[in-house]
Amino acid sequence: MLEFKNVKMALGHDRMSQPVSVIMEQGEMVCVCGARGCGKSRLLMAVMGLAPVADGFITIDGEQVGTGSASYLRRLIAYVPQRLPDNAMRVSELCDTVSALEINRASKTGKEAVLTQWQKLNLPPALYDRMLSELEVEQLQTILISLLPLTRRPIILIDSLPDSENVYRFVHELAQNGAEVLYTCEHQSMPCDKLIKL
């Protein structure tokens with residue numbers, strides 16, 4: 001269970017985000033909605049212990065996220081960033097890198113398993129051999145989202161969920177299967193269990 005208790009994030013220039021208090025339950029989808037620069041991405045980074053909380057606290061299963069606990073708690077989290085850094089890598093290499101992570105070794109993340117997930121998202125198999133630099137941001141994010149069920153994490157963080165009915169259905173299915181899904185967007189257009197406006 002992921003909980004935010006009066007969490008505020010420092011935004012720079014002595015500004016603070018709006019306070020966030022919410023308890024996420026297994027199987028819920030929670031949307032953090034707001035304009036650029038309001039602290040949505042920083043809030044997700046704070047869940048992983050990678051950004052400091054200015055006020056309040058975040059807990060996962062009752063354990064407060066902090067410098068001492070963050071590395072352990074990150075093992076419970078799958079994270080999809082808004083963008084990846086520029087990298088001269090093929091999609092196949094990205095998928096192989098995810099499957100090679102020690103935490104994913106028990107998961108089946110080979111090409112066949114990946115392409116099975118791609119069918120649900122209407123991603124063309126030809127993308128598997130393309131360079132990451134050739135893809136649009138939304139395509140790359142959708143590819144990363146396709147790997148989520150293969151990694152089997154109970155908490156899923158998606159920074160800027162693509163505005164796509166297929167992606168929404170795919171992520172909603174992950175929640176129905178028990179994951180807690182926290183995602184950000186600028187304009188909330190898809191249904192969610194709880195809405196946080198920043």
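Preceding block: the structure.
All values derive from a computational prediction rather than experimental measurement. (Residues numbered from 1 in each chain as written. Predicted model: local features only at pLDDT ≥ 70, side-chain atom pairs only at ≥ 80, totals over all residues. Heavy atoms only, no water.)

A. Spatial organisation of the sheet that holds strand β9 (residues 155-158). Read across the open sheet, the five strands follow the order β8-β9-β10-β5-β11; overall the sheet is parallel. Whereas interior strands pair on both sides, the edge strands pair on one side only; in this sheet they are β8 (77-80) and β11 (194-197). Averaged over all adjacent pairs, the angle separating strand axes in this sheet is 15 degrees, with direction ignored. As paired strands, β9 and strand β10 (residues 180-185) are joined by four bridges and run parallel to one another. Bridge assignment links Ile155 to a residue of β10, and that residue is Glu180. (Pairing = 2+ DSSP bridges. Helix = DSSP H or I, 4+ residues; strand = E, 2+ residues; numbered from the N terminus. Axes fitted to C-alpha atoms, helices over the stretch in contact; angles between N-to-C directions.)

B. Focus on the sheet that holds strand β6 (residues 55-60). Spatially, β4-β1-β6-β7 is the arrangement adopted by the four strands of the open sheet, whose pairing is antiparallel. Two strands lie at the open edges of the sheet, namely β4 (20-24) and β7 (63-64), each paired on one side alone. Inspection of the sheet shows β6 paired to β7 by two bridges, in the antiparallel sense. Counted as the bridge partner of Thr59 is Gln64 from β7. Where helix α1 (residues 40-47) meets the sheet, its contacts fall on β1 (2-8), β4 and β6, and the angle it forms with β1 comes to roughly 130 degrees. (Contact = heavy atoms within 4.5 Å.)

C. Representation of the packing of helix α5 (residues 137-146) against helix α7 (residues 165-176) within the structure. The contact between α5 and α7 brings their axes to 11 Å, and the two run at 20 degrees. Relative to α7, α5 is oriented roughly parallel. Judged by the twist between their axes, the crossing of α5 over α7 is left-handed. Of the residues in α7, those in contact with Thr142, Ile145 and Ser146 of α5 are Val167, Phe170 and Val171. Across the contact of α5 with α7, the residue classes tally to four nonpolar, two polar and no charged. (Parallel < 35°, antiparallel > 145°, perpendicular 65-115°, else oblique. Left-handed = near helix turned anticlockwise from the far one by under 90°. Nonpolar A, V, L, I, M, F, W, Y, C, P; charged D, E, K, R; others polar.)

D. Region of the structure containing the pattern of salt bridges. The final tally for this structure, using the stated rule, is four salt bridges. Among the salt bridges present, the one from Glu134 reaches Arg130, with a minimum N-O distance of 2.8 Å. Residue Arg130 is classed as partly exposed on the basis of its relative accessible area of 32%. Across the pair Glu165 and Arg169 runs a salt bridge, and its minimum N-O distance is 3.8 Å. In this pair, Glu165 and Arg169 both sit in helix α7, four residues apart, roughly one turn of the helix. (Salt bridge = Lys/Arg side-chain N within 4 Å of Asp/Glu carboxyl O. Buried < 20%, exposed > 50% of the residue type's maximum accessible area, 1.4 Å probe, protein only.)

E. Region of interest: α5. Burial analysis of α5 places seven of its 10 residues in the buried class, which makes it a mostly covered element. Every buried residue belonging to α5 is among Leu140, Gln141, Thr142, Ile143, Leu144, Ile145 and Ser146, and all of these are buried. Buried-residue contacts for α5 involve β8, α3 (91-100), α4 (111-120), α6 (148-151), β9 and α7.

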